[in-house]
Amino acid sequence: MMRQLPLIIFVALLGVGPLVLPEFHVTLLNYIGLYAIVAVGLVLLTGVGGLTSFGQAAFVGLGAYTTAWLTTTYGVSPWLTLLIGLVLTGIVALFLGFITLRMGGHYLPLGTIAWGISLYFLFGNVEFLGGHTGITGIPTVSLFGWELKSGREFYYLIWLVVLLAIVSIRNLLDSREGRAIRALKGGAVMAEAMGVNTPRAKIVIFLIAALLASISGWLYAHLQRFVNPTPFSITQGIEYLFMAVVGGVGHVWGAVLGAGLITILKQWLQDWLPQILGQSGNFEIIVFGIAMVLVLQKARDGLWPVILRWLPERSLKRDVPAAEALPKRAPQPAGTVLLDASEVTKRFGGLVANNNMSLSVKAGEVMALIGPNGAGKSTMFNCISAVNPATEGKIAFLGESTAPLVARDIASRGMSRTFQHVRLLGQMSVLENVAIGAHLRGNKGVLAAALRFDRAEEARLLAEAARQIERVGLKDHMFDAAGSLALGQQRIVEIARALASDPCLLLLDEPAAGLRYREKQALADLLRRLRAEGMGILLVEHDMDFVMGLADRVVVMEFGEKIAEGEPEEVQRDPKVLEAYLGGVE
Amino acid sequence: MDLQILLLLGQDGITNGAIYALLALALVLVFTVTRVIFIPQGEFVAYGALTLASLQAGKVPGTVWLLLALGTTVAVLDGVRLVREGRFAKLTPLLILNIGLPLLAAAGLFAMPPTQLPLWAQVVVSMLLVVPLGPMIYRVAYQPLAGASVLVLLIVSVAIHVALIGLGLLFFGAEGSRTPSFTDLSFELAGAPLQGQTILVVVASASLIIGLYFFFERTIYGKALRATAMNRTGARLMGIPPTLAGKLCLTLAAAIGAFSGILIAPITTIYYDSGFLIGLKGFVGAIIGGLASYPVAALGAVLVGLLESYSSFYASAFKEVIVFTLIIPVLLWRSLTSTHIEEEEE
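Now for a look at the structure at hand.

## Examining the overall build of chain B
Tallying secondary structure elements over chain B gives 15 helices and 2 strands in all. Relative to the compact-globule value of 20 Å for 346 residues, chain B shows a C-alpha radius of gyration of 21 Å, a close match. In chain B, of all internal contacts separated by at least 6 residues, the share reaching a separation of at least 24 is 77%. For chain B, the exposed surface amounts to about 14700 Å²; the carbon and sulfur share of it is 69%. Of the side-chain charges in chain B, 17 are positive and 17 negative, and the distance between the mean point of each set is 13 Å.

## A word on the interface of chain A and chain B
Each partner contributes to the interface: chain A provides 53 residues, whereas chain B provides 52 residues. With both chains or domains summed, chain A and chain B bury close to 4300 Å², and 77% of this area falls on carbon and sulfur atoms. Here chain A and chain B share 0 salt bridges between them. Taken together, chain A and chain B are joined by 4 residue pairs in polar contact (both at pLDDT 80 or more). Mapped by element, the contributors of at least two residues to the side of chain A that touches chain B are helix 4 (78-100), helix 5 (107-125), helix 8 (184-193), helix 10 (234-247) and helix 12 (284-298) of chain A.

## Notes on the sheet that holds strand 11 (residues 505-509) of chain A
By way of backbone hydrogen bonds, the strands of a sheet pair with one another, either parallel or antiparallel. Residue and element names in this part refer to chain A. Read across the sheet, 6 strands follow the order 10-11-12-7-13-14 without closing on themselves; strand pairing throughout is mixed. If you trace the sheet from one side to the other, it starts and ends with strand 10 (415-417) and strand 14 (561-566), each paired once. Averaged over all adjacent pairs, the angle separating strand axes in this sheet is 15°, with direction ignored. The pairing of strand 13 (residues 553-558) with strand 14 spans 5 bridges and is classified as antiparallel. Looking at strand 14, one finds that Glu 558 is bridged to Glu 561. Against the sheet, helix 19 (residues 487-499) touches strand 10 and strand 11, its axis set at about 165° to strand 11. Along the sheet, helix 20 (residues 517-532) contacts strand 7 (366-370), strand 11 and strand 12 (536-540); its crossing angle with strand 12, the most-contacted strand, is approximately 145°.

## Here's the deal with the pairing of strand 11 of chain A
Residue and element names in this part refer to chain A. Counting buried positions along strand 11 gives 5 out of 5 residues, so the element sits mostly inside the fold. Burial along strand 11 is two-sided: Leu 505, Leu 507 and Asp 509 and Leu 506 and Leu 508, pointing in opposite directions, are all buried. As paired strands, strand 10 and strand 11 are joined by 3 bridges and run parallel to one another. Counterpart to Ser 416 in the pairing with strand 11 is Leu 506. Two elements, strand 11 and strand 12, share 5 bridges in a ladder whose sense is parallel. Looking at the pairing, Leu 507 lines up with Leu 538 of strand 12. The parallel pair strand 11 and strand 12 is bridged by helix 20, and the resulting crossover is right-handed.

Scoring rules and cut-offs
- Residues numbered from 1 in each chain as written.
- Chains lettered and ligands numbered in written order.
- Predicted model: local features only at pLDDT ≥ 70, side-chain atom pairs only at ≥ 80, totals over all residues.
- Heavy atoms only, no water.
- Helix = DSSP H or I, 4+ residues; strand = E, 2+ residues; numbered from the N terminus.
- Rg over C-alpha atoms; globule rule 2.2 N^0.38 Å.
- Contact = heavy atoms within 4.5 Å.
- Areas by Shrake-Rupley, 256 points an atom, 1.4 Å probe, with all protein chains shown as cover.
- Lys, Arg positive; Asp, Glu negative; His and termini not counted.
- Charge placed at Lys NZ, Arg CZ, Asp CG, Glu CD.
- Buried area = accessible area lost by both parts, 1.4 Å probe.
- Salt bridge = Lys/Arg side-chain N within 4 Å of Asp/Glu carboxyl O.
- Polar contact = N/O pair within 3.5 Å; in protein donor to acceptor, adjacent residues only side chain to side chain.
- Pairing = 2+ DSSP bridges.
- Axes fitted to C-alpha atoms, helices over the stretch in contact; angles between N-to-C directions.
- Buried < 20%, exposed > 50% of the residue type's maximum accessible area, 1.4 Å probe, protein only.
- Right-handed = clockwise from strand over helix to strand, strands pointing away.

If you want it as structure tokens, here you go:
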């Protein structure tokens, strides 16, 4: 209850607002609400997903013009045009997303700038859309027979949408799909290896942001009952991004704060600056531009964190409700060949990192891949898990060639891995990080998450994550931020995350590095138990005591090639291995 | 359309295309070296043209105030650091460079009416007023964020663009300007008139491109920039300071921008906000080159110029729509042919 108090007060104030405030303030609040809807989408896109768009104003325009034209020319019901506008926006967003998101992250914003300009000129030059004069006489909207004629009445509809948008985006972020989205920024390689379809996740958030903008446009058209191209220009598109960044691009409420601040500041500056400068013009953009650079330099998280300090601390969830266990895949009988890599070659330009490497892993065995630094072990891992596919050679997993597969397909077939350079999302809790591993064991989508229809599955996913965390012995750290753990512990979290996917083959890249003696023993025990359960484990490790005490078979690599293979005792006596490690024995 | 119009439009397209090509090169340069997508590139075009126009109108261009303000900011930022580190010897050149010279420029402009200067000297003065803004902007806006993601740098670029547009309105007013032609020569080509100014633009752009080629191939600074573009960390380890590379890049970009503006000012009326669209057309060219290839970017930019010119004949109201929609098939083509593996960025 205490936690929700600020929200309750905010909603209560919002509700009372139009009853007591003068017309001008209600209008201002209406605009803030309209802008906030767009800015919330940008928070999701930019702050959470690490993408951005300068063309949101064009999506607003698409929503506004669709309803304006259809309601005035054909008398279509505004509720139907809302739907048509959304479909239209969706098509454009999907198309733009499809052509830009496969490439570097900066092509989307550049594409949206171009698209924003195109659409703006199109609005201004198409005759049936009224050219630069626009469209007038847009009908009002009725809600259950209540005609929203005045700004005061419309206010409630706008802010209802703002609150719904915020609640559903928050719901979404706290879900299976939400974790995948949060992994986009700084964790895309890891997310792919855990089975997340990251291009799809990017398109989804771009789509959500575009649809929110379109809704805002629809509201705008029926509030103003008049549209012209000006509010949908690229300048406005940039302003939306400013709102999100100034308010705090990592927080949904930052969007409301930013929309409020920029809108009020703009009003104020538009009154004062021309007087001070003795000229008329939109000089507020000078202030906004400079302020924006300063915010990015000094307070990248925007101003919302400042507000957060005044709000009661949000207590983190400290319990994981018990839930029915997730179904497990059928175990492979011991001795089945899980992985068979033969003659794998990987070239980086002229550098041959792996040359003719072959190895196999069976169910119920620990295969160790060892070799001096730079021998190409991690490259081999990346080839096997298709994080960075091989140039030549055959890799078969469970008898199926992995050549046409990408990392997430391989993950879905039961291979999971850890990374040599730990890839955790430092801000997220250990529990959430591990739950990303279980991504493929759930199937509830974005809509279900936003509407909270995913809670039963979510509980099972979190319970599974908690079970794996307990299994690796990090129960006490379950709710800590993953970045706060010691490096050795972070490696163990990676193992828990890999286990959460219920793999039959586990690839561990230097899991014991940075662990203390007792922790290493505990890890070795864990791996023995997993082996006994029939899991195949491929292990890269430098700690020879650890490897030799655990491995059933060992492959030794040097300069990208296999120099020895066999049981630990055999390999330890091999003169080539001794030479590789000790520089030759005379 | 007869041959005469065809040639006339082609001429127009190539002239504009040559300017877009210059801008595209600058954009590729800045992006490869600093990872900054330099949206304000176009503002330098407008500033260059309008500064020259102000000088010719006998006014003190507002650019000089921006130069003074930015110079002072740089001097304060760097001065504080120098004093803290006890490097007092470097303080004097810093102050002279960033405050002294702009003050001198301002004094000079007030003392001597620039209208009496010959045209070439007016051009030089305009360049001197606009070009230093490039490295100063790098120091003030980008340098503190040099390690940030492409996305953050892009948002900074857009913020600078917006601020410069506002300042442009403040300095130069809302009216557009057109400067007198550099040359009144005129030729005839297959029955169509060929303006001397057009030839000048093409020749000047081509020489500048050749000049840039030699700069990158033959000079130590050019090679340093190429090295930084290929491998930032490696270049740094070889003793090329990233700050120097960044400032050098923005100096070149500002120079190319301002010079382009001066070149086209006699052909097109330039407004305080004209630069944005001109710069973006350079961008479309640069994107055709994948923000990486200089020759493809230049060719792409010429293509944009031609497309713009011919579409202005057939559907003049939709000129911008057509040019900026071109980016869609280009992106589609690049997307389908790219084998990009997303770099991890924090």
